[in-house]
Amino acid sequence: MIEFILNGKKVSTKVPDDTPLLWVIRDEFHLKGTKFGCGISMCGACTVHIDGDPVRACKYPVKLVNKKQITTIEGLNNEHPLQEAWIKEQVPQCGYCQSGQIMQAATLLASNKDPSEKEIVAHMSNNLCRCMAYSRIKKAIKTAANSTSETVSIFDPALNGQKEI
Amino acid sequence: MNNLNGIKDKIQLSRRNFLVGSVGASLLMAFSVLPGKSMAENAKKALAGKIFSPNVWFEINERGEVLINIAKAEIGQHIGTALARIVADELGADWSKVRIVHVDTDPKWGYMVTGGSWSVFHSFTPLSQAGAAGRIALLEAGAVLLGKNGNECEVINGYVKCGEKSISFGDIVSKGQFNRIFTVEELAALPIKSGKNRQFIGKDTMALDIPSKTNGTAKYGIDVEVDGMVYARPIVPPSRYGNSITKVNDKKAVNIPGYLGYEILNDPSETLQGWVCVLATSYYSAIKAGDAIVVSYKKSPATKVSEEQIQIEGEKLTRDKNAGNLFVDDGNVEQATLEAKINLEASYRTASLLHFPLEPVNATVEFIDDVCHIHTGNQWQSLTMPLIAKALNVTQEKIVMHQYYLGGGFGRRLFGDYIIPAVLTAKAYGKPIKMVFTREDDSRFSPPRSPSVQLFNASVDAKNNVTGIEHAFAAGWPTLSMAPQFMFESLDKKGKIDPFSSNGADHWYTLDNHRVRAINNKLAQDTFLPGWLRSVGPGWLCWGVESFMDEIAIATNKDPIDFRLSLLDGRGKNAGTAPVSNHGALRLANVLKKVRSQSNWGGELGENEGMGVAITYGQERTMPTWIACVAHVHVNKSNGKVTVKKLSLTVDCGTVIHPDGALAQVEGGVLWGLSLALHEGNEIKKGQISKTNLDTYTPLRMGDVPELDIQFIESDEISVGLGEPGVVTVAPAIANAIAQATGVRLRSLPMRPDDIIQFLKERESNKIG
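It should be emphasised that the depicted structure is a prediction, and the values quoted were computed from it without experimental measurement. Counting starts from 1 at the beginning of each chain's written sequence and moves along it residue by residue. Think of it this way: whatever chain is written first is A, whatever ligand is written first is 1, and the rest follow in order. The predicted origin of the model limits local features to residues at a pLDDT of at least 70 and limits the giving and counting of side-chain atom pairs to 80 or more, whereas totals for whole chains, interfaces and linings rest on all residues. For the side-chain quantities, the full set of heavy atoms in the structure was used; hydrogens and water were omitted.

## Examining the overall build of chain A
Then comes step 1: Within chain A one finds 5 helices and 5 strands.
Then comes step 2: Under the DSSP-based scheme used, a helix requires at least four consecutive residues in state H or I and a strand at least two consecutive residues in state E, with every element numbered from the N terminus. Put simply, chain A runs from its N terminus to its C terminus through helices and strands in the order β-β-α-β-β-β-α-α-α-α.
Then comes step 3: When we talk radius of gyration, it's over C-alpha atoms, and the globule rule is simply 2.2 Å times the number of residues to the 0.38. The C-alpha radius of gyration of chain A comes to 15 Å, within 12% of the 15 Å expected for a compact globule of 165 residues.
Then comes step 4: Taking the principal axes of the C-alpha coordinates as reference, chain A spans close to 45 × 35 × 25 Å.
Then comes step 5: Buried means the residue's accessible area, taken with a 1.4 Å probe over protein chains only, is under 20% of the maximum for its type, while exposed means over 50%, and partly exposed covers the values in between. For chain A, buried positions account for 59% of its 165 residues.
Then comes step 6: Whether two residues are in contact is decided by their heavy atoms, any of which lying within 4.5 Å being enough. When contacts within chain A are restricted to residue pairs at least 6 apart in sequence, those whose partners lie at least 24 apart make up 60%.
Then comes step 7: When the accessible area of chain A is evaluated, it comes to approximately 6400 Å², of which 48% is carbon and sulfur surface.
Then comes step 8: Computed over 20 positive and 17 negative side-chain charges, the separation of the two mean positions in chain A equals 6 Å. Note on areas: Shrake-Rupley with a 1.4 Å probe; residue coverage comes only from the protein chains shown. The charge count treats Lys and Arg as positive and Asp and Glu as negative. His and the chain ends do not count. The atoms used to mark charge sites are NZ of Lys, CZ of Arg, CG of Asp and CD of Glu.

Here it is in structure tokens:
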């Protein structure tokens, strides 16, 4: 049995331990915001946070998350400044990649309160948007960065279960 | 040139009465099911009995909420928002109370297709009229409730106001009784607002579908679960047609936990030929089982065909004067050729391409009381439903398709072939199933854009004027395989032509002598299923037309923009037809002039930099979207790398409904065009595309995005399409810019650094030689 914390809740799974985390999140815990795109870690639609780092869930065996903290798009709870910026800049078209884009961008803002254009591109260039809403993704990241003077920490249950946004 | 009438007649809501009636606690408004006067006499009764067949209808409840049903697929174009804005504007609704619902495939919704950049174009007039009829009915009922005359009242923001007094839509609906029919004639006579009186159309708004796409709650086909379902993965055969299974060996799959077995699929519709699928209790087990199972085939001859063979066949066909069917035949090109001082010739190619929507195709299927319920995202339900009926050997009444958000369409989901393995598996296995294609399965089954070859010959007279152009092109035709009923008779009556594979060649340049031959490349057709890919015919035909126009300009020492303007005179057939193509080629000339100043054409450029231009009229002459594009590029002559610094576009799409949504469509389209021009290309090997995932197929990423300057012409003209036309001009504009920067003329898409290096080397050795 593998135990981990999913969006602040302690959970466990008995699936074969080589199962990619993606299918556990989607099909066992029914959190459908994390998407299946390429299955080889190259589109970023399945990006989640494991202990705060961006990880491609489609290739990440569930056995490696034992005792770790996982955050998915649902775990941002509609409270992350990126989500507001995504609406303000009207980023999504089909929207399928956007959970992954937001989760990837969130880890940038967690360590860099004011990323440059170059830093944004470097951090985001492994996330494919097939509708090619790239200009707006860039703009929304800047908008979110400008909305706060601090880095944006992401939900970290280790901090007494408190959320810091 | 009006070659799409067949399909348009099916889609358009012409000649139908409009019904307004109280049903239950709501006010329902809908077009009647039967055309003209043969309809039911009683609106209430017809509405209550659901005798209506609109692509559009809406209702208002006691709380004053306006619920607008959307029969179009949401593929990222925010179509529900645009259509709802049209209704709400005429209705006088309070926008904050407008909701949209994406509907299922009940026949009452009428003909269902989302493609061709048609949705706004086809819906604008009927939706405006429907909104206006609703407004008048509410105004009259509101006036009665307030004890006033209708002519003392107006409708504003969800209220009927008569002087000091006012009553809300919600109160009118709960207190009034409606039973009214607007005849076709009455509808047509309703005053539709002009530009300056509009409240929502052309004004900024937030797209209604966007918030759910920022928090994981937007539901796509792949997110559906039904009780008791098992997972399935298809085993895609080595090519599209003609493979038969000789043996299935699942010895290596049986030990995979959760493996449930396999089914061999027999498909009476013949969409699937040689298919097996595996079943498991989890999708991961299904993936592993699919990798482990060994299926042996008697392979189709198509599995020996390569892209190069298809292209050699295309070259041969375009040079065979007897091949193909006449699409344009003006003047006498032979005479022009004989009298010419110079004859120019060029041949252009495009490679196979994939749509690659990020959500792999999928469908979840369950049979309830003998009815097959399909949960999926699809763009052309009215084409797909008969296909499924054939595969299941049932009538269409036994099938309901439930629509979800589409994780990208780009034309891939017009054809519902990916639903067939799901319904056949569910039927064979006797349980609900969720079938998901892996990315590789999806790519191998996907109908790619066909590779193409186009040959041009131009005649130039002693005065250095172009006197004629002959144009022949060969490719696989999507419509021939998937919807042959929409082909049309050629000018020489030799056969039928695929409109979606020839639009783009009947351009708006005035040429006294112009002949166009459309040729089906049978080798392509027999090898794979050619797909309709975003921007379809114009997407590859404009590549040839606009590159060749530049070659003529260069050969005749003319500025590429001046040269084009000299042919965009709006004479004869290029004068346009009101209202759809009002002013014709002159509007194309207008956007071209605008982009000239917008892009600072002719301004100073850095070393190895160039500017190139291209224009398009969008998807079809009967729905022209006028676009001009200038690309500013830098070419690295040592490694052949092309950097696109800026793309400037001027767009005239008539009335803009949802400005930010319109801009998003063009932004996405333009970057698609850039990606197709420089980053994609998926050659066919052994009868199937060769690059199945992102380790080899490399669409544009964020780092490759150039500066974009996209400007719209302010216009009151009829609204046309925007989903595709943004794609069209980018590749030829880049090729023309590369030519200006370096003298290198690239005639093959995608444009590769190696091609540039090769060209430069050859030029160098020619100089030395």
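Next comes the rest of the description.
## Examining the interface of chain B and chain A
Then comes step 1: In this assembly, 62 residues from chain B lie in contact with 51 residues from chain A.
Then comes step 2: The contact between chain B and chain A buries some 4500 Å² in all, and 59% of this surface belongs to carbon and sulfur atoms.
Then comes step 3: Within this document, salt bridges are pairs made up of a side-chain nitrogen of Lys or Arg and a carboxyl oxygen of Asp or Glu, the two lying within 4 Å of each other. For the interface between chain B and chain A, the tally reads 7 salt bridges.
Then comes step 4: Polar contacts, as used here, are pairs of N or O atoms within 3.5 Å; protein pairs need one atom able to donate a hydrogen and one able to accept it. Residues neighboring in sequence count only if both atoms are side-chain atoms. Along the contact surface separating chain B from chain A lie 28 residue pairs in polar contact (both at pLDDT 80 or more).
Then comes step 5: When residues of the side of chain B that touches chain A are traced back to their parent elements, those giving at least two are helix H7 (283–292), strand E20 (433–436), helix H12 (439–445) and helix H18 (659–678) of chain B.
Then comes step 6: A per-element tally of the side of chain B that touches chain A places H18 of chain B first, with 9 residues.
Then comes step 7: Three classes are used: nonpolar for Ala, Val, Leu, Ile, Met, Phe, Trp, Tyr, Cys and Pro, charged for Asp, Glu, Lys and Arg, and polar for all others, with Gly counted as polar. Taken together, the residues of the side of chain B that touches chain A sort by class into 33 nonpolar, 15 polar and 14 charged. Note: buried area is the sum, over both parts, of the accessible area (probe 1.4 Å) each one loses when the two are combined.

## With respect to the nonpolar core
Then comes step 1: One finds Phe4, Leu21 and Ile141 of chain A together with Ile374, Ile734, Ile738 and Met751 of chain B to be the most contacted residues of the largest nonpolar core, which totals 211 residues.
Then comes step 2: Per-element tally for this core: the top contributor is H18 of chain B, with 9 residues.
Then comes step 3: Not counting residues up to four positions away in its chain, the partners in contact with Met751 of chain B are Trp543, Ala677, Leu678, Ala731, Ile734, Ala735, Ile738 and Leu746 of chain B.
Then comes step 4: Working definition of a nonpolar core: buried Ala, Val, Leu, Ile, Met, Phe, Trp, Tyr and Cys residues. They are joined through side-chain atoms within 4.5 Å. By size, the runner-up hydrophobic cluster in this structure holds 48 residues, among which are Ile60, Ile70, Ala84 and Ile172 of chain B.

## Observations concerning the domain arrangement of chain A
Residue and element names in this part refer to chain A.
Then comes step 1: Note that the domain bounds reflect an automated or database-derived domain assignment. As far as domains go, chain A holds domain 1 (2–74) and domain 2 (76–146).
Then comes step 2: Domain 1 and domain 2 are separated by 20 Å when their C-alpha centres are compared.
Then comes step 3: If you look at the interface, domain 1 gives 17 residues, while domain 2 gives 15 residues.
Then comes step 4: For the pair domain 1 and domain 2, the summed buried surface comes to about 1300 Å²; carbon and sulfur atoms form 55% of the total.
Then comes step 5: For the pair domain 1 and domain 2, the number of links is 0 salt bridges.
Then comes step 6: Counting every contact that joins domain 1 to domain 2 gives 10 residue pairs in polar contact (both at pLDDT 80 or more).
Then comes step 7: If you list the elements that add at least two residues to the side of domain 1 that touches domain 2, you get strand E3 (47–50) and strand E4 (53–56).

## Here we look at the state of the cysteines
All names here are of chain B.
Then comes step 1: A pair of cysteine sulfur atoms is labelled a disulfide when the two atoms are within 2.5 Å. What the rule picks out here adds up to 1 disulfide over all chains.
Then comes step 2: Across the disulfide, Cys153 is cross-linked to Cys162 (sulfur-sulfur distance 2.0 Å). Note on the Cys153 and Cys162 pair: the S-S dihedral is about 105°, so by sign convention the disulfide is right-handed. The pair Cys153 / Cys162 is uniform in exposure class, with both members buried.
Then comes step 3: The thiol of Cys372 is not disulfide-bonded; the next cysteine sulfur, from Cys277, is found 14 Å away.

## What about the pairing of strand E5 (residues 98–102) of chain B?
All names here are of chain B.
Then comes step 1: When DSSP locates at least two bridges between a pair of strands, those strands are taken to pair. Across 5 bridges, the pairing between strand E4 (residues 66–70) and E5 is parallel. Looking across to E5, one finds that Ile68 is bridged to Ile100.
Then comes step 2: A right-handed crossover is one whose linking path, passing over the helix from the first strand to the second, runs clockwise when the strands point away from the viewer. Traced from E4 through helix H3 (residues 79–91) to E5, the parallel crossover comes out right-handed.

## Details of the domain arrangement of chain B
Residue and element names in this part refer to chain B.
Then comes step 1: Annotation of chain B at the domain level lists domain 1 (5–213), domain 2 (221–301 + 361–436) and domain 3 (308–352 + 449–764).
Then comes step 2: For domain 1 and domain 3, the distance between their C-alpha centroids amounts to 39 Å.
Then comes step 3: If you look at the interface, domain 1 gives 27 residues, while domain 3 gives 23 residues.
Then comes step 4: In total, domain 1 and domain 3 occlude about 1800 Å² of area from one another, counting both sides; carbon and sulfur atoms represent 64% of this.
Then comes step 5: Inspection of the region where domain 1 meets domain 3 yields 1 salt bridge.
Then comes step 6: In this structure, Arg198 and Asp716 form a salt bridge, with 3.7 Å as the shortest nitrogen-oxygen distance.

## Structural notes on the packing of aromatic side chains
Then comes step 1: When two rings of Phe, Tyr or Trp (its six-membered ring) have centres within 6.5 Å they constitute a pair, described as stacked for plane angles under 30 degrees, edge-to-face for angles over 60, and tilted for the intermediate range. Summed over all chains, the structure comprises 25 aromatic pairs over all chains.
Then comes step 2: Pairing Tyr348 of chain B with Phe456 of chain B gives two aromatic rings, centres 5.7 Å apart and planes at 80°, and the pair type is edge-to-face. On the criterion of sequence distance, the pair formed by Tyr348 of chain B in strand E16 (residues 342–350) and Phe456 of chain B in strand E21 (residues 452–460) is long-range, its members being 108 residues apart. Neither Tyr348 of chain B nor Phe456 of chain B differs from the other in exposure class; each is buried.
Then comes step 3: Linked through ring pairs, Trp118, Trp380, Phe486, Phe500 and Trp532 of chain B together constitute an aromatic cluster.
Then comes step 4: One cation-aromatic arrangement involves Arg130 of chain A over Trp672 of chain B; the distance from NZ or CZ to the ring centre is 4.3 Å.
Then comes step 5: In this structure, Lys213 of chain B is placed above the aromatic ring of Tyr405 of chain B, and the distance from its NZ or CZ to the ring centre is 4.8 Å. A ring is scored as having a charge over it whenever the NZ atom of a lysine or the CZ atom of an arginine sits within 6 Å of its centre and within 35 degrees of its normal.

## Describing the pairing of E20 of chain B
The two faces of a sheet get side chains in turn, since along a regular strand they alternate between them.
All names here are of chain B.
Then comes step 1: Of the two faces of E20, the one lined by Ile433 and Met435 and the one lined by Lys434 and Val436 are each fully buried.
Then comes step 2: With 3 bridges joining them, strand E10 (residues 230–235) and E20 adopt parallel strand pairing. Note that in E20 the partner of Val230 across the bridge is Ile433.

## Considerations on helix H4 (residues 117–124) of chain A
Residue and element names in this part refer to chain A.
Then comes step 1: Listing the buried residues of H4 in full gives Ile120, Val121 and Met124. Relative to the axis of H4, the buried residues are bounded by an arc of 95° and lie together on one face. When the buried face of H4 is taken as reference, the exposed residues oriented beyond 90 degrees from it are Lys118 and Ala122.
Then comes step 2: For H4, the elements touching its buried residues are helix H3 (98–109) and helix H5 (134–146). The arc in question is formed by the directions pointing from the helix axis toward the C-beta atoms.

## Re unusual backbone geometry
Outside of glycine, negative phi angles account for most residues, and trans bonds account for most peptide bonds.
Then comes step 1: Cis geometry marks the peptide bond from Ala578 of chain B to Pro579 of chain B; its omega dihedral reads 0°.
Then comes step 2: By the secondary structure assignment, Pro579 of chain B is in the loop between helix H16 (560–567) and helix H17 (585–598).
Then comes step 3: Look at the link from Leu749 of chain B to Pro750 of chain B: it is a cis peptide, with omega at -5°.
Then comes step 4: Relative to the helices and strands, Pro750 of chain B resides in the loop between strand E32 (748–749) and helix H20 (753–768).
Then comes step 5: Even without glycine at this site, Asn7 of chain A takes up a positive phi of about 50°.

## Regarding the sheet that holds E4 of chain A
Residue and element names in this part refer to chain A.
Then comes step 1: Reading across from one edge, E2-E1-E5-E3-E4 is the order of the 5 strands in this open sheet, with mixed pairing throughout. Each edge of the open sheet is held by one strand with a lone partner, namely strand E2 (9–13) and E4. Averaged over all pairs of adjacent strands, the angle between strand axes in this sheet comes to 40°, irrespective of strand direction.
Then comes step 2: Interaxial angle, 0 to 180 degrees, is taken between N-to-C directions of lines fitted to C-alpha atoms, where a helix line uses only the stretch in contact. Of the strands in this sheet, E3, E4 and strand E5 (69–71) touch H3, which is tilted by about 35° from E3.

## With respect to the side chain of Lys434 of chain B
Then comes step 1: Tracing the chain through its elements places Lys434 of chain B in strand E20.
Then comes step 2: For the buried Lys434 of chain B, which has no salt bridge, the nearest side chain bearing the opposite charge is Asp27 of chain A, at an N-O separation of 4.8 Å.
Then comes step 3: Of note is the side chain of Lys434 of chain B, whose polar atom sits 2.5 Å from the backbone oxygen of Ile222 of chain B.
Then comes step 4: Reaching out from Lys434 of chain B, the side chain makes a polar contact with the backbone oxygen of Val224 of chain B at a distance of 3.0 Å.

## Some details on the environment of Ser12 of chain A
Residue and element names in this part refer to chain A.
Then comes step 1: Relative to the helices and strands, Ser12 resides in strand E2.
Then comes step 2: The spacing of Ser12 and Met1 is 11 residues in sequence and 6.6 Å in space, taken between C-alpha atoms.
Then comes step 3: Contact partners of Ser12, with chain neighbours within four places excluded, come to Met1, Ile2, Glu3, Glu28 and Phe29.

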